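Below are the chains, spelled out letter by letter.
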Amino acid sequence: MKKNSKRFICKNCGESFLRWAGKCESCETWNSIEEVVTTEKFSVQQNKKIHYKSPTKLSEIDEKNEARLSTGIQDLDLVLGGGIVLGSLTLIGGEPGVGKSTLVLSIARSIDLNKKILYISGEESSSQILLRAKRMKLVNKNLFLSSETNVDIITQMILAEKPDIVFIDSIQTIQKKELGNTQGTVTQLRECTIGLLETAKSSEIPIFLIGHITKEGSIAGPKVLEHLVDTVLYFESDKLNYYRIIRGIKNRFGPVGDIAVFEMKTDGLVEIQNRSQIFLNTGIGTRIGSVVACKLEGTRGIAVEVQALVTRSSFGQARRMTEGLDNRRLIFISAVIEKFLGMKLSEFDIFSNLAGGLFTDEPALDLSIAVSILSSYYEKPIPEKIALMGEIGLSGEIRTISHANIRVKELINLDMEKIYLPIGNIKDIESEFEKNIFVPIDSIQELVKIF
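Procedures and definitions
- Residues numbered from 1 in each chain as written.
- Predicted model: local features only at pLDDT ≥ 70, side-chain atom pairs only at ≥ 80, totals over all residues.
- Heavy atoms only, no water.
- Helix = DSSP H or I, 4+ residues; strand = E, 2+ residues; numbered from the N terminus.
- Contact = heavy atoms within 4.5 Å.
- Buried < 20%, exposed > 50% of the residue type's maximum accessible area, 1.4 Å probe, protein only.
- Polar contact = N/O pair within 3.5 Å; in protein donor to acceptor, adjacent residues only side chain to side chain.
- 1 Å grid on protein atoms, 1.4 Å probe; cavity = no way out; pocket = protein on both sides within 12 Å on 5 of 7 lines; lining within 4 Å.
- Points joined across faces, edges and corners; volume = space filled by probe spheres on them.
- Nonpolar A, V, L, I, M, F, W, Y, C, P; charged D, E, K, R; others polar.
- pLDDT = per-residue confidence, 0-100.
- Expected span 1.5 Å × (residues − 1).
- Pairing = 2+ DSSP bridges.
- Axes fitted to C-alpha atoms, helices over the stretch in contact; angles between N-to-C directions.
- Phe/Tyr/Trp six-rings, centres within 6.5 Å; stacked < 30°, edge-to-face > 60°.

(A) Examining the side chain of Asn425 more closely. By the element assignment, Asn425 lies in helix α10 (residues 423-429). When residues no more than four places from it in sequence are discounted, the contact partners of Asn425 are Thr400, Ile401 and Ala404.

(B) Expanded view of the side chain of Thr360. Within the fold, Thr360 resides in the loop between β16 (348-354) and α8 (366-378). Judged by relative accessible area, Thr360 falls into the buried class, the value being 6%. A polar contact is formed between the side chain of Thr360 and the backbone nitrogen of Glu362, at a distance of 3.3 Å. Sequence-distant contacts of Thr360, defined by excluding residues within four places in its chain, comprise Lys295, Gly324, Leu325, Asp326, Leu354 and Leu365.

(C) Spatial organisation of empty space enclosed by the protein. A full pass over the atoms with the stated rule returns 3 cavities of 30 Å³ or more. Approximately 50 Å³ is the volume found for the largest cavity. If you go around the largest cavity, the residues you meet are Leu325, Asp326, Arg329, Thr360, Asp361, Glu362, Leu365, Asp366 and Ile369. Here the lining of the largest cavity is built from residues that sort into 3 nonpolar, 1 polar and 5 charged.

(D) Spatial organisation of the confidence of the model for the chain. For the chain, per-residue confidence averages 86 on the pLDDT scale, and 90% of positions sit at 70 or higher. Mean pLDDT in the chain bottoms out at strand β3 (residues 33-41), which sits at 68, and peaks at strand β18 (residues 391-392), which reaches 96.

(E) Seen up close, helix α7 (residues 327-341). Over its 15 residues, α7 extends 21 Å from the first C-alpha to the last, a length consistent with the 21 Å expected when each residue adds 1.5 Å. All of the buried residues in α7 are Arg329, Leu330, Phe332, Ile333, Ser334, Val336 and Ile337. Summarising the contacts, the buried residues of α7 are in contact with β15 (320-323), β16, α8 and β18. N-capping of α7 is provided by Asp326, with a side-chain oxygen placed 3.1 Å from the backbone N of Arg328. Just beyond α7, the residue with positive phi is Gly342, at close to 70 degrees.

(F) Fine view of the sheet that holds strand β12 (residues 268-271). Ordered in space as β6-β5-β7-β8-β4-β9-β10-β11-β12, the 9 strands form an open sheet in which the pairing is mixed. The strands lining the two open edges of the sheet, one partner per strand, are β6 (143-146) and β12. When the angles between neighbouring strand axes are averaged without regard to direction, this sheet yields 25 degrees. Sheet topology places strand β4 (residues 89-94) next to strand β8 (residues 207-212); 6 bridges connect them, and they run parallel. The residue bridging Leu89 from the neighbouring strand is Ile207, located in β8. The sheet strands contacting helix α5 (residues 186-203) are β4, β7 (165-169) and β8, and the helix crosses β8 at an angle near 160 degrees.

(G) Structural view of unusual backbone geometry. The peptide bond linking Asp169 to Ser170 adopts the cis configuration, its omega dihedral lying at 0 degrees. On the secondary structure map, Ser170 appears in the loop between β7 and α5. The phi dihedral of Lys137 is positive, around 60 degrees, even though this residue is not glycine. Among the secondary structure elements, Lys137 is positioned in the loop between α3 (126-135) and β6. The class of Lys137 is exposed, set by a relative accessible area of 63%. Even without glycine at this site, Glu204 takes up a positive phi of about 60 degrees. Relative to the elements of secondary structure, Glu204 occurs in the loop between α5 and β8. A relative accessible area of 41% means that Glu204 is categorised as partly exposed.

(H) Representation of the packing of aromatic side chains in the model. Per the counting criterion, the structure on display carries 3 aromatic pairs. Ring geometry for Phe167 and Phe208: centres 5.4 Å apart, planes at 45 degrees, overall tilted. Of this pair, Phe167 sits in strand β7 while Phe208 sits in strand β8, and the two are 41 residues apart along the sequence. You can call Phe208 buried: its relative accessible area is 3%. A centroid spacing of 5.5 Å and a plane angle of 75 degrees characterise the contact between Phe348 and Tyr377, whose relative ring orientation is edge-to-face. Residue Phe348 is located in strand β16, and its partner Tyr377 is located in helix α8; the two are separated by 29 residues in the primary sequence. What makes Phe348 buried here is its relative accessible area of 12%.

(I) The arrangement of the environment of Gly122 in detail. Among the secondary structure elements, Gly122 is positioned in the loop between β5 (117-121) and α3. A relative accessible area of 30% means that Gly122 is categorised as partly exposed. Spatially, the C-alpha atom of Gly122 lies 23 Å from that of Lys201, the residues being 79 residues apart in sequence. The residues contacting Gly122, other than those within four sequence positions of it, are Thr149, Asp169, Ser170 and Thr173.

Okay, structure coming up:
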């Protein structure tokens, strides 16, 4: 027997209610609750015996082949934890126009040409995709296109065609006819994703879903998909719109937080091999107020340039402004410098910047921020091939930082001749690196010796 029932679901957070209300009690969003009609099945049989598969002991489980499918893009494989896991469901989120469809075709261009690729697009026709493919010089003959939007037909197509990888662009255009509501609603997104997840697990075919980020900053409206999928990748643009960055937010098969950097060109996305060089300019050592440091992105480090400008204030109260850095840490570091070095920074405006359009709030960059301020204040450039990292405490001490070995390895690859680090970190990494380039620093009073 089947019975239609009505539920009211918030399209922002997915919370279910028995009756309509103007405001969602869960996320406190107004006018976000919609009526959804569902079909429930009832059985008249009582005391029916249920058959289930007996659980298996951990020691008796057979080890399957852990081989992964390479995308052909080295950094993207690292973000995925070593490649695409068979049977995984991956969500790629990003703002409209950032290049998610171009990314999918870039994977199709770089992947093994013998692999069969199924590209299902509910937003573009096959001729529109062909135009982009020609511009990107994509010659993969095993790329098959479809414009289907019914999730039941899509799952049947996947099981029948048996491709090696599936791309669905986008999940907001896919719908389940039985639900009755339009595409993109909470119910449609959840039910379609669950159906595709079951298909991926049963067939061991990896499926990539593209989801748009709304003005609230969440993927596909509410973030109802992130707990269902295996991997979540954010595809974003830097603040200056020069590069595209893929950031791993969730990964059941590898580390999170890693990034891959691309440059958008006329023929598609081009992988940036040396990520540190794009955020560093030549001649840093000859400029006043510029310091090299290293920020952490997942399990890898990126060398960055920290800049500062100290100028006498024209207003009654001095300003503290940052771009790409935490403004509160700049105020805190300025106060520590004024207290322990006797500099009257209260009479000066201080502007601090992380070059290249990046952002970080890591305490490990405190030391580089402080030195860039001193360089601008004294109007003296910092010697070339020098990098500084360390956290500054309220009493002027230099505290240890996390993952110092990863950061140092990246800086050594850039041929740094001196790396200033907290004493506690040097004791841990001296045995790992042969080069005698580490300079211990214990307090903020020692910074004046650099100039």
